[in-house]
Structure formats: C-alpha cells, structure tokens
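# Descriptive structure summary
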Amino acid sequence: MAANGAPCILYLVFFGAGLAPLPWILNSEIYPLEAKSVCIGFATAANWIANFVVAATFMDLAEALSTDAVCPLAHPDGAFWLYTLVAAIGLAILIFKMPETKGLCLDEIVALFA
C-alpha cells in the first residue's frame with residue numbers, strides 16, 4: 001500500500017509547496033491597483049477552470065496511466081505520478097524564475113512583471 005500512496009504524497013508535497021498557493025499569493029502582488037480586481041477575477045476563473053479539467057479527466061487518466069492491468073481504476077498511481085511531475089516542474093520554475101518581491105513597493109513589483 002505504501003508504494004501506491006507514494007505518488008499521491010509526493011504530488012501533495014510538490015503542489016502544496018509551489019503551485020497551490022500561486023494563484024492567491026502571487027496575484028495579490030503583481031497587478032497595479034487600477035487593474036487588480038479584474039486581473040484577480042480572471043486568474044480565479046482560470047484556476048477554477050483548471051480544477052474542473054483535472055476533475056473531469058481524472059478517471060480516464062487514472063485508468064490509462066495505471067500500473068495495474070487487472071484493476072486500473074483501483075490503482076491511479078500513474079495519474080498521480082504525472083501530477084507529481086507537473087507540480088515538481090512548476091515548483092522548479094518558481095524557485096529559479098520567480099523574482100523576489102520582499103521589501104519592494106507596489107510600483108517596483110509591477111515593473112518586475114511588466
């Protein structure tokens with residue numbers, strides 16, 4: 001059972017450390033005040049659309065990528081390995097490409113992302 005739980009746990013670790021807080025934390029910092037509400041609305045909509053796509057495709061993906069040929073739906077480990085890969089890549093991109101905004105004023109932060 002531990003081997004089947006590993007991809008799910010790794011996915012949660014990588015996703016929780018990188019891509020999960022991204023829409024909420026980053027969006028509150030990078031937009032100028034006059035566009036902030038509209039931009040955060042679009043970002044929130046994109047986040048929910050992505051959540052819907054993941055939920056709508058999970059069962060098919062779990063069956064297609066399962067490592068258990070006998071009962072693929074009972075072992076969705078392949079889908080979680082894919083999610084782990086995507087989350088790990090996203091975390092790496094954030095670590096190496098995201099500029100630090102600590103101590104900067106809003107105008108300086110907006111200029112970083114312009």
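Just so you know, these numbers come straight off a predicted model, no measurement behind them.

## Points about the overall build of the chain
- In terms of regular secondary structure, the chain is built from six helices and zero strands.
- The order of α-helices and β-strands along the chain, N terminus first, is α-α-α-α-α-α.
- Relative to the 2.2 N^0.38 estimate, which gives 13 Å for 114 residues, the radius of gyration of the chain is 18 Å and therefore markedly larger than a compact globule would have.
- With 114 residues in all, the chain has 24% of them scored as buried.
- Long-range pairs, those at least 24 residues apart, make up 51% of the contacts in the chain between residues at least 6 apart in sequence.
- Summed over its atoms, the accessible surface of the chain is roughly 7600 Å², and 74% of this surface lies on carbon and sulfur atoms.

## Quick look at the state of the cysteines
- With the rule as written, the count across this model stands at zero disulfides.
- In this model Cys39 remains outside any disulfide bridge; the closest cysteine sulfur is found in Cys105, 18 Å from its own.
- Using a relative accessible area of 23% as the deciding quantity, one classes Cys39 as partly exposed.

## Digging into helix 4 (residues 36-65)
- The sharpest bend along helix 4 comes to roughly 50°, located at Phe58.
- Restricting attention to buried positions, one finds in helix 4 the residues Lys36, Ala43, Asn47 and Ala62.
- Those residues of helix 4 that are buried are in contact with helix 2 (22-25), helix 3 (27-30) and helix 5 (77-97).

## Some points on the side chain of Thr84
- Position of Thr84 among the secondary structure elements: in helix 5.
- Taking relative accessible area as the criterion, Thr84 reaches 5% and is therefore assigned buried.
- Apart from residues lying up to four places away in sequence, Thr84 is in contact with Pro7, Leu10, Tyr11 and Phe14.

## Topic: the packing of aromatic side chains
- Going through the model one piece at a time under the given rule, you end up with six aromatic pairs.
- Geometrically, the ring pair formed by Phe80 and Tyr83 is edge-to-face, given 5.8 Å between the ring centres and 85° between the ring planes. Pair noted here: Phe80 and Tyr83 are both in helix 5, with a separation of three residues, about one helical turn. Residue Phe80 shares its accessibility class with Tyr83, and that shared class is buried.

So, how was this worked out
- Residues numbered from 1 in each chain as written.
- Predicted model: local features only at pLDDT ≥ 70, side-chain atom pairs only at ≥ 80, totals over all residues.
- Heavy atoms only, no water.
- Helix = DSSP H or I, 4+ residues; strand = E, 2+ residues; numbered from the N terminus.
- Rg over C-alpha atoms; globule rule 2.2 N^0.38 Å.
- Buried < 20%, exposed > 50% of the residue type's maximum accessible area, 1.4 Å probe, protein only.
- Contact = heavy atoms within 4.5 Å.
- Areas by Shrake-Rupley, 256 points an atom, 1.4 Å probe, with all protein chains shown as cover.
- Disulfide = S-S within 2.5 Å.
- Bend = angle between axes of the 7 residues up to and from the residue.
- Phe/Tyr/Trp six-rings, centres within 6.5 Å; stacked < 30°, edge-to-face > 60°.

Everything listed is a geometric property; what it means functionally is a separate question.
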